[in-house]
Amino acid sequence: MMRASHQFTEQQRQAINQAVAEAESKTAAEIVPVVAAASGRYERSEDIVGLWTGIILMFLIWAILPEPVRATGTWDGITPGWKFFWMLVALVGGFLVGTTAAGYRWQLRWWFTPAAQMAAEVTHRARLAFYDATVHQTGGGTGLLIYISLFERRAAVLGDDAILERLGQQTLDDLCSELTAKLRSGDLTHALCDTIADAGKALARALPRQPDTQNELPDTLVLLDEV
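The model shown is predicted, which means the values in this text are computed figures rather than measured ones.

> Looking at this model, I keep getting lost on the overall build of the protein chain. Mind explaining?
If you tally the helices and strands in the protein chain, you get eight helices and four strands. By the compact-globule yardstick of 17 Å for 227 residues, the protein chain is too spread out, its C-alpha radius of gyration being 26 Å. Dimensions along the principal axes, computed over C-alpha positions, put the protein chain at roughly 100 × 35 × 25 Å. Counting only residues that meet the buried cut, the protein chain has 40% of its 227 residues in that class. Partitioning the intrachain contacts of the protein chain with sequence separation of at least 6 by distance along the chain shows that 73% fall at a separation of at least 24. Counting only carbon and sulfur atoms, one obtains 58% of the accessible surface of the protein chain, whose full area is about 12,800 Å². Of note, the protein chain has its 19 positive side-chain charges centred 6 Å away from the centre of its 26 negative side-chain charges.

Here you go:
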């Protein structure tokens, strides 16, 4: 599976960190961008790939091997027991090959994972990241999480209490929609920087920076390689 840490150069990381610092210079909110390699393990999808591989190989063996011997006086064919044995071997072997291949090739798991399951996993992992990255620990409840999950090709934007009260969920949903639209171009850095800037503008109006505002969280991109 792709690694989140391999998607950004040091220069790109610095550009994202700078975007966070600039956005926070005008607001009392704390913005934390997080990019994860994946939000779930999807082991069931590996099993599905293995099962389909085994079934296909089993039918290939059934088609290739000659028909079993059905009458005395002929030696053309094999016994029914042997044909069943080789079909069973193909099923088990195909299952093992398929699950192994899906373990190394994330594209196979993606094709066999329901969209609803991926959406649920991304939402769950984004909420975990919200707490793991201590976004919820700001003094005024002003933390904002911008979350991207590479495997699922999905994103989420979560806000703490003060942000939900001042901006509303619809604004966060709009930021998420803008982020996913920009991500379709394939430029992660550009998409993140633009979304951080847009979030900063909205937050500056709703939660303007005060003279006593402190920077409570690091202005750094968080990268998650492990699920």
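> Any chance you could explain helix α7 (residues 169–183) here in plain terms?
Two residues of an α-helix separated by three or four positions point the same way, owing to the 3.6 residues in each turn. Between the first and last C-alpha of α7 there are 21 Å, a value that for 15 residues agrees with the 21 Å anticipated at 1.5 Å per step. Along α7, the residues that are buried comprise Leu172, Leu175, Cys176, Leu179 and Leu183. Buried residues in α7, looked at end-on, bunch into an arc of 100°, giving them a common side. Close packing links the buried residues of α7 with β2 (143–149), β3 (154–159), α6 (161–166) and α8 (188–206).

> What is the right way to read the pattern of salt bridges from this model?
Counted under the stated rule, the structure contains three salt bridges. Measuring nitrogen to oxygen at the nearest pair gives 3.2 Å for the salt bridge that ties Arg3 to Asp225. Taken together, the residues span a long stretch of sequence, with Arg3 in the segment before α1 (10–24) and Asp225 in the segment after β4 (222–224) at a distance of 222 residues. Lys182 serves as the salt-bridge partner of Asp198, at 3.1 Å between the closest nitrogen and oxygen. Note that Asp198 is positioned in helix α8 and Lys182 in helix α7, a separation of 16 residues in sequence. A relative accessible area of 23% places Lys182 in the partly exposed class. One network of salt bridges, in which partners are shared, links Arg3, Asp225 and Glu226.

> Looking at this model, I keep getting lost on the sheet that holds β2. Mind explaining?
Backbone-to-backbone hydrogen bonds pair the strands of a sheet. The strands run either parallel or antiparallel. An order of β3-β2-β1-β4 is seen for the four strands of this open sheet, with the pairing classed as mixed. If you trace the sheet from one side to the other, it starts and ends with β3 and β4, each paired once. On average, adjacent strands in this sheet sit at an angle of 15° to one another, irrespective of strand direction. As paired elements, strand β1 (residues 30–36) and β2 share seven bridges and run parallel to each other.

> Just to check I follow, could you spell out the environment of Asp160 for this structure?
As for its position among the elements, Asp160 is in the loop between β3 and α6. Each C-alpha atom of the pair Asp160 and Gly40 lies 24 Å from the other, and the pair is 120 residues apart in sequence.

> What is the right way to look at the packing of α7 against α8 in this model?
Geometry of a packed helix pair, given as the angle between the helix axes and the separation of the axes. For the pair α7 and α8, the least separation of the axes is 9 Å and the interaxial angle reads 160°. With respect to each other, α7 and α8 are oriented roughly antiparallel. In this structure, the crossing between α7 and α8 has a hand that is right-handed. Between α7, through Leu175, Glu178, Leu179, Lys182 and Leu183, and α8, the contact on the second element is made entirely by Leu188, Ala191, Leu192, Asp194, Thr195, Asp198 and Ala199. The residue makeup of the contact of α7 with α8, split by class, is seven nonpolar, one polar and four charged.

Calculation rules
Residues numbered from 1 in each chain as written. Predicted model: local features only at pLDDT ≥ 70, side-chain atom pairs only at ≥ 80, totals over all residues. Heavy atoms only, no water. Helix = DSSP H or I, 4+ residues; strand = E, 2+ residues; numbered from the N terminus. Rg over C-alpha atoms; globule rule 2.2 N^0.38 Å. Buried < 20%, exposed > 50% of the residue type's maximum accessible area, 1.4 Å probe, protein only. Contact = heavy atoms within 4.5 Å. Areas by Shrake-Rupley, 256 points an atom, 1.4 Å probe, with all protein chains shown as cover. Lys, Arg positive; Asp, Glu negative; His and termini not counted. Charge placed at Lys NZ, Arg CZ, Asp CG, Glu CD. Expected span 1.5 Å × (residues − 1). Arc of directions from axis to C-beta. Salt bridge = Lys/Arg side-chain N within 4 Å of Asp/Glu carboxyl O. Pairing = 2+ DSSP bridges. Axes fitted to C-alpha atoms, helices over the stretch in contact; angles between N-to-C directions. Parallel < 35°, antiparallel > 145°, perpendicular 65-115°, else oblique. Left-handed = near helix turned anticlockwise from the far one by under 90°. Nonpolar A, V, L, I, M, F, W, Y, C, P; charged D, E, K, R; others polar.

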